[in-house]
Amino acid sequence: MSKSGKGGGELRLPQHIAIIMDGNGRWAKRRLLPRSAGHRSGAKTFQNIARYANQIGIRYMTVYAFSTENWKRPQEEIDNLMNLLRDYLKDAKNFQAENIQMQFIGDLTVLPADMQALIRRDEALSADATGMHLNIAVNYGGRDEIVQAVRRLAAEVKAGALEPSDIDQETLSARLYTAGQPDPDLIIRPSGEYRLSNYLIWQSAYAEFWFSDILWPDFKPKHLMQAIEAFGGRDRRFGGV
Ligand code: FPP
């Protein structure tokens with residue numbers, strides 16, 4: 001997929017960008033603010049970047065909002081993150097005005113009932129949107145996702161609906177939360193960390209990575225464009241020559 005760049009040249013756009021929105025806590029600390037202020041600012045950055053990505057023609061975006069490991073954080077911080085998500089979910093015009101299709105990925109069954117209901121509502125409200133498909137990962141872990149998919153396959157084999165020899169990469173991919181979506185071709189992690197942190201570990205097999213020292217609340221559309229331009233210059237061989 002490509003789109004005309006500023007200089008008239010062709011900009012090769014990734015189809016699917018995944019982002020680890022890291023550095024909210026450090027951003028707040030540097031300003032002597034509580035961590036909650038960092039997350040609030042990070043949530044605003046998320047909205048800004050999702051809107052921009054949609055406007056420039058990115059088809060899929062996945063953001064890591066809350067991992068299966070984030071429950072280890074102090075209860076106050078967990079509540080704060082859940083409240084930010086709740087506020088976003090309540091305000092459907094956030095994504096409706098942008099024609100963005102919303103999907104939540106992760107084990108959502110442990111979320112408060114009101115949030116689960118809002119998630120179902122927002123997914124239904126945006127089901128026919130033709131803009132960018134936005135996955136928000138909540139209580140998401142890549143290993144957990146694979147375990148859930150394997151359990152489903154095992155249940156299907158037990159029920160006689162599938163032969164073990166039918167199981168291949170496609171059948172497993174089709175049971176992940178991201179079933180039917182292209183794998184992320186660009187993964188962005190700001191804040192100077194160089195880890196995948198259990199994020200989309202199956203789907204990222206051939207992804208390109210872009211790292212930066214910018215803390216997530218400071219992440220601007222120009223940084224997304226830098227990552228996209230770097231992606232455009234990569235030679236992707238998928239194991240070939
Ligand atoms: C990592 O930074 C960030 C998170 C664990 C939460 C990310 C969530 C948001 C940006 C808000 C999401 C809201 C919506 C509406 C999707 P950190 O806290 O680990 O930062 P640190 O490493 O500097 O401490």
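Before reading on, note that the structure itself is shown above.
Residues numbered from 1 in each chain as written. Predicted model: local features only at pLDDT ≥ 70, side-chain atom pairs only at ≥ 80, totals over all residues. Heavy atoms only, no water.

As a structural note, the neighbourhood of the ligand is formed by 17 residues, with Met21, Gly25, Arg26, Arg35 and Arg73 the closest of them. The backbone of glycine 23 places a nitrogen or oxygen atom 3.4 Å from an oxygen atom of the ligand. Protein contact buries 90% of the 630 Å² of open area that the ligand shows by itself. The cavity where the ligand resides is the largest pocket. When residues of the shell around the ligand are traced back to their parent elements, those giving at least two are helix H1 (24-30), helix H2 (35-55) and helix H3 (75-90). For the shell around the ligand, the element with the highest residue contribution is H2, accounting for five residues. In the shell around the ligand, the residues fall into seven nonpolar, six polar and four charged. (Near = heavy atom within 4 Å. Polar contact = N/O pair within 3.5 Å; in protein donor to acceptor, adjacent residues only side chain to side chain. Areas by Shrake-Rupley, 256 points an atom, 1.4 Å probe, with all protein chains shown as cover. 1 Å grid on protein atoms, 1.4 Å probe; cavity = no way out; pocket = protein on both sides within 12 Å on 5 of 7 lines; lining within 4 Å. Sits in = over half its atoms within 2 Å of the grid points. Helix = DSSP H or I, 4+ residues; strand = E, 2+ residues; numbered from the N terminus. Nonpolar A, V, L, I, M, F, W, Y, C, P; charged D, E, K, R; others polar.)

Turning our attention to the packing of H3 against helix H5 (residues 113-125). The interhelical angle for the contact between H3 and H5, taken along N-to-C directions, is 35°, at an axis separation of 9 Å. The way H3 lies across H5 gives a crossing that is left-handed. Together, Met82, Leu85, Arg86, Leu89 and Lys90 of H3 and Asp114, Met115, Leu118, Ile119, Arg121 and Asp122 of H5 make up the contact between the two elements. By residue class, the composition of the contact of H3 with H5 is six nonpolar, no polar and five charged. (Axes fitted to C-alpha atoms, helices over the stretch in contact; angles between N-to-C directions. Left-handed = near helix turned anticlockwise from the far one by under 90°. Contact = heavy atoms within 4.5 Å.)

The sheet built from six strands is open, its strands ordered E5-E6-E4-E3-E7-E8 with parallel pairing. Among the strands making up the open sheet, the edge pair consists of strand E5 (101-105) and strand E8 (208-211). Averaged over all pairs of adjacent strands, the angle between their axes in this sheet comes to 20°, without regard to strand direction. With three bridges joining them, strand E3 (residues 16-20) and strand E7 (residues 186-189) adopt parallel strand pairing. (Pairing = 2+ DSSP bridges.)

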